[in-house]
Amino acid sequence: MHLKKNLTHYLVEQQRKHGVVTADVRLLLETVARACKAISHAVSKGALGGVLGSLDSENVQGEVQKKLDVMSNDILLEANEWGGNLAAMASEEMDTLHRIPEHQPKGKNLLLFDPLDGSSNIDVNVSIGTIFSVLQLPEESQSRDVQEADFLQPGVKQVAAGYAVYGPQTMLILTVGAGVVGFTLDRETGSWVLTNPNIRIPEDTAEFAINMSNQRYWEPAISRYIDECLAGKEGPLEKNYNMRWIASMVADVHRILSRGGIFMYPRDQRESVRHGKLRLMYEANPMSFLVEQAGGAAVDGANRILDIQPTGLHQRVGVVLGSKNEVERVQKYHLEAQKD
Ligand code: P6P
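Along each chain, the written sequence defines residue order, and numbers are assigned to residues from 1. The model is predicted, so local features are restricted to residues of pLDDT at least 70 and side-chain atom pairs to those at 80 or more, both for listing and for counting; the totals for chains, interfaces and linings are taken over all residues. The side-chain numbers reported here are obtained from all heavy atoms of the structure, hydrogens and water having been left aside.

## Remarks on helix α1 (residues 7-18)
- Under the scheme used here, helices are H or I runs from DSSP no shorter than 4 residues and strands are E runs no shorter than 2 residues, and both carry numbers assigned from the N terminus. Here, expected helix span is obtained from the residue count minus one, scaled by 1.5 Å. Between its first and last C-alpha atoms α1 spans 16 Å; for twelve residues at 1.5 Å apiece the expected length is 16 Å, and the two agree.
- Partly exposed describes any residue whose relative accessible area lies between the buried limit of under 20% and the exposed limit of over 50%, with all areas from a 1.4 Å probe on protein chains only and scaled to the type maximum. What α1 keeps buried is the set Leu7, Tyr10, Leu11, Val12, Glu13 and Gln14.
- Those residues of α1 that are buried are in contact with α2 (23-45), β8 (170-175), β9 (181-186) and β10 (191-196).
- The opening residue of α1, the one whose side-chain oxygen lies 3.2 Å from the backbone nitrogen of threonine 8, is asparagine 6. Contact criterion: two residues are considered in contact whenever any of their non-hydrogen atoms come within 4.5 Å of each other. Think of a polar contact as two N or O atoms within 3.5 Å of one another; within protein, one of them needs to be a possible hydrogen donor and the other a possible acceptor, and neighboring residues in sequence only count if both atoms come from side chains.

## Regarding the sheet that holds β8
- DSSP-based pairing: two strands are paired if at least 2 bridges between them are found. With mixed pairing, the eight strands of this open sheet are ordered in space as β4-β3-β5-β6-β7-β8-β9-β10. The open sheet has two edge strands with one neighbour each: β4 (98-99) and β10.
- As defined by bridge partners, strand β7 (residues 160-166) adjoins β8 across six bridges and the pair is classed as antiparallel. Note on β8: the bridge partner recorded for tyrosine 163 is isoleucine 173.
- Only the stretch in contact is used when a helix axis is fitted, and all axes are lines through C-alpha atoms; the angle between N-to-C directions ranges over 0 to 180 degrees. Of the strands in this sheet, β5 (109-117), β6 (128-136), β7 and β8 are in contact with helix α5 (residues 249-259), which crosses β7 at around 105°.
- Packed on one face of the sheet, helix α6 (residues 280-293) meets β3 (86-91), β5, β6, β7 and β8 and runs near 85° to β6.

## Observations regarding the sheet that holds strand β12 (residues 242-243)
- Read from one edge to the other, the open sheet built from five strands follows the order β12-β11-β13-β17-β15, with strand pairing classed as mixed. The strands lining the two open edges of the sheet, one partner per strand, are β12 and β15 (297-299).
- When strand β13 (residues 262-265) meets strand β17 (residues 319-322), the two strands line up antiparallel, connected through four bridges. Within β17, the residue paired with phenylalanine 263 across the bridge is leucine 321.
- Of the strands in this sheet, β11 (207-209), β13 and β17 are in contact with α5, which crosses β17 at around 35°.

## Considering the site of the ligand
- Near is defined per residue: the residue qualifies when any heavy atom it owns lies within 4 Å of the molecule or strand. Looking at the ligand, the residues that line it are Asp117, Gly118, Asn211, Trp245, Ala247, Ser248, Met249, Phe263, Tyr265, Lys277, Leu278 and Arg279.
- Asparagine 211 is positioned with one of its side-chain polar atoms (N or O) 2.9 Å from an oxygen atom of the ligand.
- Areas reported as accessible are Shrake-Rupley estimates using a 1.4 Å probe. Residue values count occlusion only from the protein chains shown. In the complex, 82% of the free accessible area of the ligand, which totals 390 Å², lies under the protein chains.
- Under the grouping applied here, Gly and all other residues not named as nonpolar or charged are polar, the nonpolar ones being Ala, Val, Leu, Ile, Met, Phe, Trp, Tyr, Cys and Pro and the charged ones Asp, Glu, Lys and Arg. When grouped by side-chain class, the residues that make up the shell around the ligand number six nonpolar, three polar and three charged.

## A closer look at the domain arrangement of the chain
- As far as domains go, the chain holds domain 1 (7-196) and domain 2 (207-339).
- Residue ranges for the domains originate in an automatic or database domain assignment. Here the C-alpha centre of domain 2 lies 24 Å away from the C-alpha centre of domain 1.
- Across the boundary between the two partners, domain 1 contributes 48 residues, which contact 31 residues of domain 2.
- Together, Ile131, Leu152 and Tyr163 form the three largest contributors to the area buried by domain 1 at its contact with domain 2, with a combined 21%.
- For the salt bridge of arginine 279 with glutamate 92, the shortest nitrogen-to-oxygen distance reads 3.2 Å.
- Across the domain 1-domain 2 interface, the total number found is 14 residue pairs in polar contact (both at pLDDT 80 or more).
- Split into classes, the residues belonging to the side of domain 1 that touches domain 2 amount to 26 nonpolar, 16 polar and six charged. Accessible surface is computed with a 1.4 Å probe, and the buried area is the amount of it that two parts give up when combined, taken over both parts together. The rule for a salt bridge is simple: a side-chain nitrogen of Lys or Arg has to be within 4 Å of a carboxyl oxygen of Asp or Glu.

## Thoughts on the nonpolar core
- Throughout, nonpolar core names a set of buried Ala, Val, Leu, Ile, Met, Phe, Trp, Tyr and Cys residues whose side chains join them through atoms within 4.5 Å. Ranked by internal contacts, the top residues of the largest apolar core, which has 43 residues, are Phe151, Tyr163, Met249, Phe263, Met287, Val319 and Leu321.
- No other element matches α6, which puts seven residues into this core.
- When we break this core down by domain, the ones giving at least three residues each are domain 1 (7-196) and domain 2 (207-339).
- Within the second largest apolar cluster, 41 residues are counted, among which are Ala42, Leu77, Leu111 and Leu194.

## A short note on the packing of aromatic side chains
- Here is the rule: rings of Phe, Tyr and Trp (six-membered ring for Trp) pair when centre to centre is within 6.5 Å. Planes less than 30 degrees apart are stacked, more than 60 are edge-to-face, and the remainder are tilted. With the rule as written, the count across this model stands at four aromatic pairs.
- Ring geometry for phenylalanine 208 versus tyrosine 241: centroids 6.5 Å apart, planes at 45°, classification tilted. Of the two residues, phenylalanine 208 is situated in strand β11 and tyrosine 241 in the loop between α4 (220-231) and β12; the sequence distance between them amounts to 33 residues. You'll find phenylalanine 208 and tyrosine 241 in the same group, each marked buried.
- Where tryptophan 245 meets tyrosine 265, the ring centres are 6.0 Å apart and the plane angle is 50°; that geometry is what we call tilted. Highlighted residues: tryptophan 245 in the loop between β12 and α5 and tyrosine 265 in strand β13, separated in sequence by 20 residues.
- In this structure tyrosine 265 comes out as buried when scored by relative accessible area, which is 10%.
- Connected via pairs of aromatic rings, a cluster forms that spans Trp245, Phe263 and Tyr265.
- Over the face of the ring belonging to tyrosine 333 we find arginine 224, whose NZ or CZ atom lies 3.6 Å from the ring centre. Only lysine NZ and arginine CZ atoms are considered, and such an atom sits over a ring when it is within 6 Å of the ring centre and within 35 degrees of the ring normal.

## A word on the packing of α4 against helix α7 (residues 324-339)
- Axis separation between α4 and α7 bottoms out at 8 Å; the angle between their running directions is 135°. By the criterion of interaxial angle, the relationship of α4 to α7 is oblique. As α4 packs across α7, the resulting crossing turns out to be right-handed. For the pair formed by α4 and α7, the contact residues are Ala221, Ile222, Arg224, Tyr225 and Glu228 on the first element and Glu326, Arg329, Val330, Tyr333, His334 and Glu336 on the second.
- A per-class count over the contact of α4 with α7 returns five nonpolar, one polar and five charged. When describing relative orientation, an angle under 35 degrees is termed roughly parallel and one over 145 degrees roughly antiparallel, while 65 to 115 degrees is termed roughly perpendicular and anything else oblique. What makes a crossing left-handed is the near helix being turned counterclockwise from the far one by less than a right angle; a clockwise turn instead makes it right-handed.

Structure representation (structure tokens):
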């Protein structure tokens, strides 16, 4: 029987051949992948597992928590407390950092995650996902207790990032800084099988993703670009565009990694979205790392997302990412608008 390459095989290769993965990061990624299998199993049960619906609680974002949000968060915390490769974790669902318990061995990695992104789609059976990012504790911090400030590193410092998408297939998309690879969960063997060994985003696209209902709040640069897309063949971009909006970042980004496109959740004039809706540390940064590693681009408007110096664990940011030439056009419009 010919065994297909799996996640462990890939990570051992990256560790041995390319030295881009240390043994403790390899164990961390395998542990996160195992937790995503458990989350996939819980999500797939739906009403049969009594896991749908909301709790009476709100998270630090002031969003009503779904049962599966909290369950997914707990699965990731429990899976990652014993490995000895982490100093602390941070999550969209927790107000502040989660230190590794005293009785467990500590490591020098920091794990950040959105345990179940797109959870407004859970109850209507639309694809959702888990997003994760790995940073390392700064040298000077390794001799003391971890603090929230230790997480506040720009996205270029990530050593790994990825997501699991719970859709018709459950897939794990990962980068350790050596390109982007995709694994499909084989539910019969429980193995993450390498099915996409070299994911690349086409530099051009004719497909944009944005929530059009926010159009009246957009900044001029976004309006200018979308107007040009809607003008189609007769407009300045000289091609007809298609539109998609799943309202599940993992699903929209997965489509873009699979066939190209541009995803936009820009900051806008609403008070609650004046810095953007998506969170920098555990949504925008990991997705931007993946997109750049696949040959795409990711900006907050005028600036590269991975260069942003964070000021808060849950800070929000505008996000425009995907096919390189398209994103650079939007960035150019923002830069031109700054000069006006
Ligand atoms: P809207 C899901 O709640 C999320 O954080 C992202 O996954 C998604 O892209 C966005 O918000 C959808 O936002 O305003 O269109 O519902």
